[in-house]
Amino acid sequence: MNIRHSLHEHYNFPAIAPSILAADYTKLGAEIESCTKSGIKWIHCDVMDGHFVPNISYGPMIVEAARRSAPDAFLDTHLMIYNPAQYLEAFQKAGANLISIHAEADPHAHRTLSAIKELGLYAGIAINPGTPLTQIEELLPEVDLVCVMSVNPGFGGQKFINGSIPKIQRLAAWRKQMGLNFLIEIDGGVGVDNAEMIARAGTDVLVAGSSVFGAEDRQERIQRLTQKCIIGSTDLA
Ligand code: DX5
Ligand code: ZN
């Protein structure tokens, strides 16, 4: 998808985006297919460099494998790396649809976001729990998605930080005031117990790693998470 169509026209939100960080890599293809067969349209890929975050995950090769396993999925690629501009083309070639960079990891985020869009991809900005929204205020007109981290990035399976909820609500209010239409994503600690509350706050994309891939019955878990989102967003309307 090299043309930047309106995401709102092509996908239904709120949506669950399983993070393959928590998948079983001995059978990654089957893990991804278990999601797409259960109605998942977005797959979240977590790239970690061992510098910006204290863990190393994977690079473009796994994104490319995800692309082959799910030719029609929207690959939401979350770069938790310093100097992201150096790797944009590699992730584009691997099949990413959207690339998010961290505001804290790139002093030239504005330029890098433009470069992502020039490659025909969607551009996202991610912020850590301790980073104020004001740090990305000027970037908001430039992005297709804001990823609000609800854990300190680096590892799956962490506890959801509740302070992320007012942050989402403020961001949703700003979006309305500014007349913008970027998507709001929450990443980290999402599960059946809090998905409804997260959707009610105005979240469009809920990333879920261990909750999805930790479930034996993948389809049942995805359905439950999706139902919770729908209930929460109905309250919002
Ligand atoms: C954290 C990653 C998240 C994480 C989500 O650094 O960006 O995407 O893997 O995993 P869970 O859902 O297990 O918190
Ligand atoms: Zn992520």
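This text gives an overview of the structure that appears in the document. Treat the numbers as computed from the prediction; the structure is a model and nothing was measured.

### Side note on the packing of helix H2 (residues 28-36) against helix H3 (residues 60-69)
- H3 packs onto H2 with a crossing angle of 55° between their chain directions and a minimal axis gap of 9 Å. Taken together, the axes of H2 and H3 are oblique relative to one another. With respect to the hand of their crossing, H2 and H3 are arranged in right-handed fashion. Side by side, H2 and H3 meet where Leu28, Gly29, Ile32 and Glu33 of the first sit next to Ile62, Ala65, Ala66 and Ser69 of the second.
- Each residue belonging to the contact of H2 with H3 can be placed in one class, and the counts come to five nonpolar, two polar and one charged.

### As for helix H5 (residues 109-118)
- Within H5, burial applies to Ala109, Thr112, Leu113 and Ile116. Along the axis of H5, the buried residues cluster in a sector spanning 100°; they form a single face. Every exposed residue of H5 that faces more than 90 degrees away from the buried side is listed here: Arg111 and Glu118.
- Looking at the buried residues of H5, the elements they touch are helix H4 (88-94), strand E4 (98-102) and strand E5 (122-127).
- With its phi angle positive at about 85°, Gly120 sits one or two positions after the end of H5.

Analysis parameters
- Throughout, residues of each chain are indexed from 1 in the direction in which the sequence is written.
- Labels are handed out in written order, letters beginning with A for the chains and numbers beginning with 1 for the ligands.
- Two thresholds apply to this predicted model, a pLDDT of at least 70 for residue-level local features and 80 or more for giving and counting side-chain atom pairs, whereas whole-chain, interface and lining totals are computed over all residues.
- As a rule here, side-chain values cover all heavy atoms of the structure and leave hydrogens and water aside.
- Throughout, an axis means a line fitted to C-alpha atoms (over the contacting stretch in the case of helices), and angles, computed between N-to-C directions, take values from 0 to 180 degrees.
- In this text, helices come from DSSP runs of H or I with a minimum length of four residues, and strands from runs of E with a minimum of two, each type numbered from the N-terminal end.
- When an angle is under 35 degrees it counts as roughly parallel; over 145 it counts as roughly antiparallel; between 65 and 115 it counts as roughly perpendicular; any other value is oblique.
- Each crossing is labelled by how the near helix is turned from the far one, with a counterclockwise turn of less than a right angle marking it left-handed and a clockwise turn marking it right-handed.
- Whether two residues are in contact is decided by their heavy atoms, any of which lying within 4.5 Å being enough.
- Under the convention adopted here, Pro, Cys and the residues Ala, Val, Leu, Ile, Met, Phe, Trp and Tyr are nonpolar, Asp, Glu, Lys and Arg are charged, and Gly plus all remaining residues are polar.
- Exposure is judged per residue with a 1.4 Å probe applied to protein chains only, and the accessible area is read against the type maximum: over 50% gives exposed, under 20% gives buried, and values in between give partly exposed.
- This arc is built from the directions going out from the helix axis to the C-beta atoms.

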